[in-house]
Amino acid sequence: MEDPPPLRIFYVEDNPLIVFHVEAMIEDLGHVFVGSAASFGEMVEMLRDLDVDGVLVDIDLADGRTGPAAAAWLHERGIPTLFVTGQELIAAEHLTALATVRKPVSAFDLAEKLQLLRDDRG
Amino acid sequence: MAANHGSLDWVLALAPYRRDADYLETLLSEHGIPVRRAEGMREIVAQLEESPGLFIATHEALNPDVIDVVRRHLLDQPDWSEMPLLILLDRAAPQARVRAELTAAWPRSRQIYYQRPVTTLELLSGVQSALLARLRQRDVRDHIAREVELRRELNHRVKNILASVTSIFEMTRRGAASLDHFAEDFAGRLTALANVHSALFQSGGEPMDLAQVVDLTFKPYRAGEQDRILTQGPAVTLHQEAATTLALCFHELATNALKYGALSRPEGRVSLSWGISSETPVLTIRWVESGGPPTSQPARTGYGTRYLRSALRNLFGAPPDILFRPEGLHCTISGPLSRAALKH
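1. With respect to helix H3 (residues 64-75) of chain B
All names here are of chain B.
1) Next: Between its terminal C-alpha atoms H3 stretches 16 Å, which fits the 16 Å expected from 12 residues at 1.5 Å a residue.
2) Next: The inward-facing, buried residues of H3 contact strand E1 (11-14), helix H2 (41-49), strand E3 (54-58), strand E4 (84-89) and helix H4 (95-105).
3) Next: You can read the cap of H3 off the contacts: a side-chain oxygen lies 3.0 Å from the backbone nitrogen of Asp-65, and it is on Asn-63.

What follows is the structure, encoded as structure tokens:
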């Protein structure tokens, strides 16, 4: 049986040490980490030149509580999104993301939720 | 609630007799105190909801319904609030009884009683002192709001720092050959994070210069051997995130040099220099080791290399250039100055 192709993942998170850790976990799962942004604005700018299969988004970013707005922006463009946050209650108010990966991120939870991205991508 | 903030506080007046109401309104308005009148229960309830600075009522205004509405308003007050109530009684009124009744009906309130006819001076000073007390209450309200905000911010920061520590822990654990190695590397990384955090805190929100970040990182390695690490570069003001990231990168480079590179031998040297190109300013930082044992590309990518690549791509949009040359490690960090410098 052939392995499914790796997913190209982008991460919107303003703590570079969390990005460092999650990036390594994504690569360990066999996916491709294509980059990160610290704010909604930076994400929009960077995604212009990138081809992605899914985006992970924190709730609180460098430009404020803009994660939900970022997820809505991605949703409008048909890009599947996961929230990655310790604030599940806020994440649950927004149906623009497929699911929420809880912080601190575990490899198991991440793997399971990334599978949802793949299913959504079809 | 914020509607009254900064503006003059206002008085809610309940006086069924037009003459009384006009008198109050004229007198207070002349002294710059806005007055709103309320007639009918719905209007009274609506005005109370806007949190008056002072409630004035003549005795005849206080029918059982009004007393009850005020009572409910007082019971619903937030902790900081104790609305002052000024009651104008008639000479003929059973004063002791009225006071006893209202004190029982209105808990947590500051009540002031006057007997009509009241002199202008008396009434004005009573009103002003009550409004001043109310102003203090609103100050307390603002302090509470600020404290709530600070606590939220503190919570956010603590969570963030714990998340940083968790990441360092997990990533250090991956590459650790033994518990001793793990403990040493983990402690070193936490100390580097703590040092830059302290420096940023002590600067009290002031921006940090790249040279300060460099000094901070190399202080432990410079005891008595100042000239082994040569640092040079122009003033570059960094924002907090950039200062933290660069401090942690320098820590990784320094500990690597100490274990395997130039600083593992007495004759080894490190040159750390930085500069800014003039057009569309690009910051370039060069770490060059020499005089150490010959280096070669390690078989597996360690924490340091991985961290530098991730964090610097995050900061500058491009990973650093890390070369394991026979004469020593070269690392070139380069990216738009605007992404690391404090925005003005």
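2. Description of the interface of chain A and chain B
1) Next: Between chain A and chain B, the residue contacts involve 20 residues of the former and 21 residues of the latter.
2) Next: Buried surface at the junction of chain A and chain B, summed over both partners, amounts to about 1800 Å²; 54% is from carbon and sulfur atoms.
3) Next: Contact with chain B buries area across many residues of chain A, yet Pro-16, Leu-17 and Phe-20 of chain A alone supply 38% of it, more than any other trio.
4) Next: Inspection of the chain A/chain B interface yields four salt bridges.
5) Next: Notably, a salt bridge pairs Arg-339 of chain B with Glu-42 of chain A, separated by 3.1 Å at the nearest N-O pair.
6) Next: When contributions to the side of chain A that touches chain B are tallied by element, the ones reaching two or more residues are helix H1 (16-28) and strand E2 (32-37) of chain A.
7) Next: Taken together, the residues of the side of chain A that touches chain B sort by class into 10 nonpolar, four polar and six charged.

3. Overview of the side chain of Ser-39 of chain A
1) Next: If you trace the backbone, Ser-39 of chain A turns up in the loop between E2 and helix H2 (40-47).
2) Next: In this structure Ser-39 of chain A comes out as buried when scored by relative accessible area, which is 13%.

4. What to know about the sheet that holds strand E11 (residues 321-325) of chain B
By definition, the strands of a sheet pair up through backbone hydrogen bonds, in either a parallel or an antiparallel sense.
Residue and element names in this part refer to chain B.
1) Next: One open sheet holds the five strands; their spatial order is E7-E9-E10-E12-E11, and the pairing between them is mixed. The outermost strands of the open sheet, each flanked by one partner alone, are strand E7 (229-232) and E11. Across the sheet, the mean angle from the axis of one strand to that of its neighbour is 10°, orientation sign disregarded.
2) Next: Both E7 and strand E9 (residues 269-277) contribute to a ladder of four bridges, which runs parallel. Bridge assignment links Gln-232 to a residue of E9, and that residue is Ser-273.
3) Next: Across the sheet, helix H8 (residues 240-259) is in contact with E9, strand E10 (282-290) and strand E12 (328-336); its angle to E10 comes to roughly 15°.

5. Here we look at the pairing of E11 of chain B
Residues and elements named next belong to chain B.
1) Next: Burial along E11 is one-sided: Ile-322 and Phe-324 are buried, and none of Asp-321, Leu-323 and Arg-325, which face the opposite way, are.
2) Next: Where E11 meets E12, five bridges bridge the pair, whose relative direction is antiparallel. Across the sheet, Leu-323 pairs through a bridge with His-330, a residue of E12.
3) Next: Where E11 folds back onto E12 in an antiparallel hairpin, the turn is made up of two residues.

6. Concerning the nonpolar core
Residue and element names in this part refer to chain B.
1) Next: Membership of the largest hydrophobic core comes to 55 residues, with the highest contact counts inside it found for Leu-210, Phe-250 and Trp-287.
2) Next: In terms of residues, this core owes the most to one element, H8, which gives 10 residues.
3) Next: Excluding residues that lie within four positions of it along the chain, Leu-210 makes contacts with Val-236, Leu-238, Leu-246, Phe-250, Trp-274, Leu-283 and Ile-285.

7. Some points on the environment of Ser-271 of chain B
All names here are of chain B.
1) Next: With respect to the secondary-structure elements, Ser-271 resides in strand E9.
2) Next: A C-alpha to C-alpha distance of 85 Å links Ser-271 and Leu-62, two positions 209 residues apart in sequence.
3) Next: In this structure Ser-271 touches Leu-230, Arg-286, Trp-287 and Val-288, once residues within four positions along its chain are discounted.

8. Describing the packing of helix H7 (residues 210-218) of chain B against H8 of chain B
Residue and element names in this part refer to chain B.
1) Next: The N-to-C vectors of H7 and H8 enclose an angle of 40°; their axes lie 9 Å apart at closest approach. For the element pair H7 / H8, the angle class is oblique. Crossing angle aside, the handedness with which H7 passes H8 is right-handed. Together, Leu-210, Val-213, Val-214, Thr-217 and Phe-218 of H7 and Ala-243, Leu-246, Ala-247, Phe-250, His-251 and Ala-254 of H8 make up the contact between the two elements.
2) Next: Its residues placed into classes, the contact of H7 with H8 shows nine nonpolar, two polar and no charged.

9. Here's the deal with the confidence of the model for chain A
1) Next: The share of residues in chain A with pLDDT of 70 or more is 97%, and the mean pLDDT across the chain is 90.
2) Next: Model confidence for chain A, summarised as mean pLDDT per element, is weakest for helix H4 (residues 88-92) of chain A at 77 and strongest for strand E1 (residues 8-12) of chain A at 97.

10. Quick word on the confidence of the model for chain B
Residues and elements named next belong to chain B.
1) Next: Scored by pLDDT, chain B comes out at a mean of 90, with 96% of its residues at no less than 70.
2) Next: Here helix H1 (residues 18-30) is the element of chain B with the lowest mean pLDDT, 89, and E10 is the one with the highest, 96.
3) Next: pLDDT under 50 marks residues 1-6. Its contacts with residues more than four places away, or in other chains, come to eight contacts.
4) Next: The complex prediction reports pTM at 0.79, with the ipTM value standing at 0.89.

11. Observations concerning the packing of helix H6 (residues 179-202) of chain B against H8 of chain B
All names here are of chain B.
1) Next: Packing of H6 against H8 leaves a shortest axis separation of 10 Å and a crossing angle of 145°. As H6 packs across H8, the resulting crossing turns out to be right-handed. Within the contact between the two elements, H6 uses Glu-184, Asp-185, Gly-188, Arg-189, Ala-192, Leu-193, Val-196 and Leu-200 and H8 uses Gln-240, Ala-243, Thr-244, Ala-247, Leu-248, His-251, Glu-252 and Lys-259.
2) Next: Among the residues forming the contact of H6 with H8, the class breakdown is seven nonpolar, four polar and five charged.

What counts and what doesn't
Residues numbered from 1 in each chain as written. Chains lettered and ligands numbered in written order. Predicted model: local features only at pLDDT ≥ 70, side-chain atom pairs only at ≥ 80, totals over all residues. Heavy atoms only, no water. Helix = DSSP H or I, 4+ residues; strand = E, 2+ residues; numbered from the N terminus. Expected span 1.5 Å × (residues − 1). Contact = heavy atoms within 4.5 Å. Polar contact = N/O pair within 3.5 Å; in protein donor to acceptor, adjacent residues only side chain to side chain. Buried area = accessible area lost by both parts, 1.4 Å probe. Salt bridge = Lys/Arg side-chain N within 4 Å of Asp/Glu carboxyl O. Nonpolar A, V, L, I, M, F, W, Y, C, P; charged D, E, K, R; others polar. Buried < 20%, exposed > 50% of the residue type's maximum accessible area, 1.4 Å probe, protein only. Pairing = 2+ DSSP bridges. Axes fitted to C-alpha atoms, helices over the stretch in contact; angles between N-to-C directions. Core = buried A, V, L, I, M, F, W, Y, C linked by side-chain atoms within 4.5 Å. Parallel < 35°, antiparallel > 145°, perpendicular 65-115°, else oblique. Left-handed = near helix turned anticlockwise from the far one by under 90°. pLDDT = per-residue confidence, 0-100.

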